[in-house]
Number of protein chains: 2
Amino acid sequence: QARDPRGRCLCADGGLKMLRLNRVEKLDILPASPSCGKQEIIATLKDGAGKKCLNPESKFIQELIKKMMESRRSK
Amino acid sequence: QARDPRGRCLCADGGLKMLRLNRVEKLDILPASPSCGKQEIIATLKDGAGKKCLNPESKFIQELIKKMMESRRSK
């Protein structure tokens, strides 16, 4: 998901405030940068359900990432 | 970075235990899944320096992700 060289962010809206961890195949965290002044989090969903922007300000999303870091072994 | 359909992990070794946040253009977090039983974290580095696997067990890397979550606005 390369950023748009014309310096635009990838996520137009604020992004989802909630998402179940078991729907996530991959999570991209893009730090704020010269080309996009805000951090962006993009989830690739399982079963080909595409990509969704997540809201970095959402406590739920922050917890989701913490849980991902803790659940390092598959059950 | 689609996972190898033959069910192998992307990161062969344990991954870097340290990395400076300002070198990171993007961070991919892949939860453990049927195709790879362990969580993988892959950093895309700035200035075309390529991709590096990071060690999810490393306290430093866990802190790096926490710091990324906290630094949501570019300075």
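From a predicted model like this one, the values you see are computed outputs, not experimental measurements.

### Some words on the confidence of the model for chain A
On average, residues of chain A score 87 in pLDDT, and 85% of them are at 70 or above. Mean pLDDT values over the elements of chain A span from 88, in helix H1 (residues 59–70) of chain A, up to 97, in strand E3 (residues 51–54) of chain A.

### Digging into H1 of chain A
Residues and elements named next belong to chain A. Here H1 is twelve residues long and its end C-alpha atoms lie 16 Å apart, about the 16 Å a rise of 1.5 Å per residue gives. Along H1, the residues classified as buried are Ile61, Gln62, Leu64, Ile65, Met68 and Met69. One face of H1 carries all of its buried residues, which in axial projection span an arc of 155°. When the buried face of H1 is taken as reference, the exposed residues oriented beyond 90 degrees from it are Lys59 and Glu70.

### Observations regarding the relation of the copies chain A and chain B
With an RMSD of 0.0 Å, chain A superimposes on chain B once it is rotated by 180° and translated 0.0 Å along the axis. Within this description, the copies of the chain are treated as partners about a two-fold rotation axis. Closest approach to the rotation axis within chain A is made by the C-alpha atom of Asp28 of chain A, at a distance of 2.3 Å.

### What about the interface of chain A and chain B?
Between chain A and chain B, the residue contacts involve 24 residues of the former and 24 residues of the latter. With both sides pooled, the region where chain A packs onto chain B buries about 2,300 Å², and carbon together with sulfur makes up 56% of that total. Taken together, chain A and chain B are joined by two salt bridges. Across the pair Asp28 of chain B and Lys26 of chain A runs a salt bridge, and its minimum N-O distance is 3.6 Å. Residue assignment for the side of chain A that touches chain B shows that the elements contributing at least two residues are strand E1 (24–30) and H1 of chain A.

The rules behind the values
Numbering of residues begins from 1 in every chain and follows the order in which that chain's sequence is written. In the order they appear in the text, chains get letters beginning with A and ligands get numbers beginning with 1. Per-residue local features of the predicted model are confined to residues with pLDDT of at least 70, and side-chain atom pairs are confined, for both listing and counting, to 80 or more; whole-chain, interface and lining totals are unaffected and use all residues. Hydrogens and water molecules were not included; the side-chain quantities draw on all heavy atoms of the structure. Confidence per residue, as judged by the predictor, is encoded in pLDDT with a range of 0 to 100. Strands here mean DSSP runs of E at least two residues long; helices mean DSSP runs of H or I at least four residues long; both are numbered from the N terminus. To estimate how far a helix should extend, the number of its residues minus one is multiplied by 1.5 Å. Exposure is judged per residue with a 1.4 Å probe applied to protein chains only, and the accessible area is read against the type maximum: over 50% gives exposed, under 20% gives buried, and values in between give partly exposed. Note that the arc is computed from the directions linking the helix axis to the C-beta atoms. The copies were overlaid with a least-squares fit restricted to C-alpha atoms from residues scoring a pLDDT of at least 70 in each copy. Any pair of residues with heavy atoms lying within 4.5 Å of one another is described as a contacting pair. Summed over both partners, buried area is the accessible surface (1.4 Å probe) that two parts give up on being assembled. Put simply, a salt bridge is a Lys or Arg side-chain nitrogen that is within 4 Å of an Asp or Glu carboxyl oxygen.

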